[in-house]
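Structure at a glance
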Amino acid sequence: MTTHNIPKTDQTLWWKILLGMALGIALGLILSPTGFAIVNDVTATLLGEWIALPGIIFLGLLKMVVIPLVISSIVLGVIDSGSLHFLKTMGAKLVPYFLMTTFISITIGVLIIQTVNPAQYINAQFVDDIMITSDVPFEIFDELTIPQRIENMLPVNFTEASLEKNMLQIVIFSILLGIVMLTLPKKKTRPFAELCEFAQAATMKVIEWAMMLAPYAVFGLIANVTIHMGLDTLAGVGAYMLSVLLGLFAMFLVYLVIAALIAKQNVFTFLKAIRNAQIFAFSTSSSAATIPFTLKAAEEHLGIDEKVSRFVIPLGATINMDGTALYQAAAALFLCSIFGVDLTTGEIFLLMFTTVGASIGTPATPGVGIIVLATILSSIGVPPEGIGIILGVDRILDMCRTTLNVTGDLVATTVMARFTPSDKD
Ligand code: ASP
């Protein structure tokens, strides 16, 4: 029904991005006051800012297009599915599947933090220093009752939703719009469908251009992070960072098992097919900006029916964030131990449920998982300023959790494709 312009990809981009990352770390260590410190603190900070500039432009371009990309992709995904019946049967399988994998992921995060207990390796002086200097730029959310939370999910004011980047409201609005269009005569809906096609093609074009900057962006952003983070922070929160990475890797293995046993994929072919989408997720730290490449992996490399991929991927990118969920649960527990907040088993379960909701509501854009984490922390009695402790390593963890988020969407697509008859009504 629609013409989707999936961007062309430069096959050598992924190694350029990895090279950018390695060089960025090296330069960061050379300049960092706690690394080789070849310049003074002020110059290092100033240089870091300039080196990060291509990265700031890169992220700015991605953030600029995320909302129109998500709306147009979801609306087109819903109308491309062709019928309400298809949507109902797909939704009935997809939502429980998303919830199940998110729970598995959170459980892994909780178990790893309980086992490794990275808080034991943290230096009390380091925590004190951070707490003194931390100036939390995060809004603290009040505790809401469940009916109030449901009310908050309703996109009553679309402008406000897009202003606040409330992705859940935007997703609900877009699905509703798509469903409305499915029920109206085509003659009436065609102009808006064409507008969505334009919005999708235009946003994908901007992403294609932005990707040309990706290696320089990754280089600059990582160099800047390394300058600020330095060796002290790395040593301070290294155990926490490794625990989260271990958790993400464990969840990645779970995905491979799901892909092999449930979706009946050959693991090696699957990994090769999704490699490009993963590297885009890694460099953009945004599941939403990666949508075009996730679609490409699903349709061109995995041969998935467009009807399935066009619905599952935009939706998955915005609400299925297993990497983010794992990270949020792990970070919350880690900070609990640091601040001596003892959670009972019941409270840990409550935290797990809260995290499912938080990960669903996290916008699929760079660095927001940590902002939403502030809501979780304030609900379990941890001072949200504590986020300062893990802020230094957040960019690297964001890149890794986004890669897992996108991998999860692709696994979900193969699972859904396996259980969707190809002769859909
Ligand atoms: N950057 C992540 C994503 O887009 C969200 C997060 O910050 O965890 O998937």
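So, here's what we can say about the structure.

Conventions used here
Residues numbered from 1 in each chain as written. Predicted model: local features only at pLDDT ≥ 70, side-chain atom pairs only at ≥ 80, totals over all residues. Heavy atoms only, no water. 1 Å grid on protein atoms, 1.4 Å probe; cavity = no way out; pocket = protein on both sides within 12 Å on 5 of 7 lines; lining within 4 Å. Points joined across faces, edges and corners; volume = space filled by probe spheres on them. Helix = DSSP H or I, 4+ residues; strand = E, 2+ residues; numbered from the N terminus. Nonpolar A, V, L, I, M, F, W, Y, C, P; charged D, E, K, R; others polar. Near = heavy atom within 4 Å. Polar contact = N/O pair within 3.5 Å; in protein donor to acceptor, adjacent residues only side chain to side chain. Areas by Shrake-Rupley, 256 points an atom, 1.4 Å probe, with all protein chains shown as cover. Patch = residues over 30% accessible without salt bridge, like charges linked within 9 Å, V, L, I, M, F, W, Y side chains within 5 Å. Salt bridge = Lys/Arg side-chain N within 4 Å of Asp/Glu carboxyl O. Buried < 20%, exposed > 50% of the residue type's maximum accessible area, 1.4 Å probe, protein only.

For the second largest pocket, the calculated volume is near 460 Å³. For the lining of the second largest pocket, the elements supplying multiple residues, two or more each, are α3 (53–80), α9 (186–262), α15 (369–380) and α17 (394–418). Residues of the lining of the second largest pocket, tallied by class, amount to 10 nonpolar, 5 polar and 4 charged.

All right, on to the site of the ligand then. Within the structure, the ligand sits among 15 residues, and Ser287, Thr324, Gly369, Asp398 and Arg401 are positioned closest to it. Side-chain polar atom of threonine 402 to a nitrogen atom of the ligand: 3.1 Å apart, as the coordinates give it. In the model, an oxygen atom of the ligand is placed 2.8 Å from a nitrogen or oxygen of the asparagine 405 side chain. Protein burial of the ligand: of its 270 Å² of free accessible surface, 100% is covered by the chains. For the shell around the ligand, the leading source of residues is α17, giving 4 residues.

Before going further, it helps to examine empty space enclosed by the protein. One pass over the structure, following the stated rule, counts 2 cavities of 30 Å³ or more. If you add up the space inside the largest cavity, you get close to 80 Å³. Taken together, 16 residues line the largest cavity, and the ones lying closest to its centre are Thr324, Pro363, Thr365, Asp398 and Thr402. It is α17 that provides the largest number of residues to the lining of the largest cavity, a total of 4 residues.

Here the focus is a nonpolar patch on the surface. Together, Leu46, Trp50, Leu53, Ile56 and Ile57 line one region of the surface with nonpolar side chains, adding up to about 530 Å² of accessible area. Among the secondary structure elements, those contributing two or more residues to the nonpolar patch are α2 (41–51) and α3. Considering every element that reaches the nonpolar patch, the biggest residue donor is α3, with 3 residues. Structurally, the position occupied by isoleucine 56 is in helix α3.

What follows covers the pattern of salt bridges. Pairing of side chains with opposite charge becomes possible as their charged atoms draw close. In total, this model carries 5 salt bridges according to the counting rule given. We note a salt bridge from lysine 205 to glutamate 208, for which the minimum N-O separation is 3.6 Å. Here the residue lysine 205 and the residue glutamate 208 both occupy positions in helix α9, the gap between them amounting to 3 residues, near one helical turn. Here arginine 401 and aspartate 398 are joined by a salt bridge, their closest N and O atoms 3.4 Å apart. Taken together, the positions of arginine 401 and aspartate 398, both in helix α17 and 3 residues apart, correspond to about one turn of that helix. Taking relative accessible area as the criterion, arginine 401 reaches 1% and is therefore assigned buried. Connected via shared salt-bridge partners are Asp394, Asp398 and Arg401.

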